[in-house]
Amino acid sequence: MPDTVEEIDVRKIPPHKKHATIFDTYDELDEGEAFIIINDHDPKPLRYQMSAMHGQDNFSWDYLEEGPEVWKVHIGKTTE
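Residues numbered from 1 in each chain as written. Predicted model: local features only at pLDDT ≥ 70, side-chain atom pairs only at ≥ 80, totals over all residues. Heavy atoms only, no water.

Trainee: Even after reading the chapter, I still don't get the sheet that holds strand 1 (residues 6-9), so can you show me in this structure?
Mentor: The strands that make up a sheet are held in pairs by hydrogen bonds between backbone atoms, and each pair lies either parallel or antiparallel. Reading across the sheet, the 4 strands line up as 1-2-4-3 and stay open at both edges, with mixed pairing between neighbours. Where the open sheet ends on each side, the last strands, each with one partner, are strand 1 and strand 3 (59-66). Averaged over all adjacent pairs, the angle separating strand axes in this sheet is 20°, with direction ignored. By the bridge criterion, 7 bridges tie strand 3 to strand 4 (residues 71-77) in an arrangement that is antiparallel. From the neighbouring strand, Asp62 faces strand 4, where its bridge partner is His74. Strands strand 1, strand 2 (34-39), strand 3 and strand 4 of the sheet are contacted by helix 1 (residues 15-28), whose axis makes an angle of about 165° with strand 2. Across the sheet, helix 2 (residues 44-54) is in contact with strand 2, strand 3 and strand 4; its angle to strand 3 comes to roughly 175°. (Pairing = 2+ DSSP bridges. Helix = DSSP H or I, 4+ residues; strand = E, 2+ residues; numbered from the N terminus. Axes fitted to C-alpha atoms, helices over the stretch in contact; angles between N-to-C directions. Contact = heavy atoms within 4.5 Å.)

This is the structure we're talking about:
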């Protein structure tokens, strides 16, 4: 995992823009790059949506923190 990775605190983003912001960030990544999302709940539905959109083997999903108040997930692009 690189030393410097962009963090997106989605708690500060209006609900109707959260997933679009995350998908746009993912789409801008080059293979091997990653970012971290910070959320106030488990973003498991986002993982299912990303899997449906990009295929489960095209991104990595690693929990860095799992609640109960803050969840941090490292999301990376593994292939294009």
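Trainee: What's the story with unusual backbone geometry in this structure? I'm lost.
Mentor: The general pattern is negative phi for most residues beyond glycine and trans for most peptide bonds. Omega for the peptide link from Gly67 to Pro68 comes to 15°, which places this bond in the cis form. Here Pro68 is to be found in the loop between strand 3 and strand 4.

Trainee: Is there a simple way to explain helix 1 in this structure?
Mentor: In an α-helix there are 3.6 residues to a turn, and that puts residues three or four apart on one side. Between its terminal C-alpha atoms helix 1 stretches 21 Å, which fits the 20 Å expected from 14 residues at 1.5 Å a residue. Of the positions making up helix 1, those classed as buried are Lys18, Ile22, Phe23, Thr25 and Tyr26. The buried residues of helix 1 occupy an angular sector of 160° when the element is viewed end-on, so they sit on one face. The exposed residues of helix 1 that point more than 90 degrees off its buried face are His16 and Glu28. Where helix 1 is buried, its residues contact strand 1, strand 2, helix 2, strand 3 and strand 4. (Expected span 1.5 Å × (residues − 1). Buried < 20%, exposed > 50% of the residue type's maximum accessible area, 1.4 Å probe, protein only. Arc of directions from axis to C-beta.)

Trainee: Looking at this structure, how should I read the environment of Phe59?
Mentor: Within the secondary structure, Phe59 is located in strand 3. The buried category is assigned to Phe59, whose relative accessible area is 7%. Setting aside residues up to four positions removed in sequence, Phe59 forms contacts with Tyr26, Arg47, Met50, Ser51, Gly76 and Thr78.

Trainee: Got a minute to help me understand the pattern of salt bridges in this structure?
Mentor: Think of it this way: side chains of opposite charge can pair up when their charged atoms draw near. A full pass over the atoms with the stated rule returns 1 salt bridge. The salt bridge partner of Arg11 is Asp9, with a shortest N-O separation of 2.7 Å. Given a relative accessible area of 38%, Arg11 falls into the partly exposed group. (Salt bridge = Lys/Arg side-chain N within 4 Å of Asp/Glu carboxyl O.)

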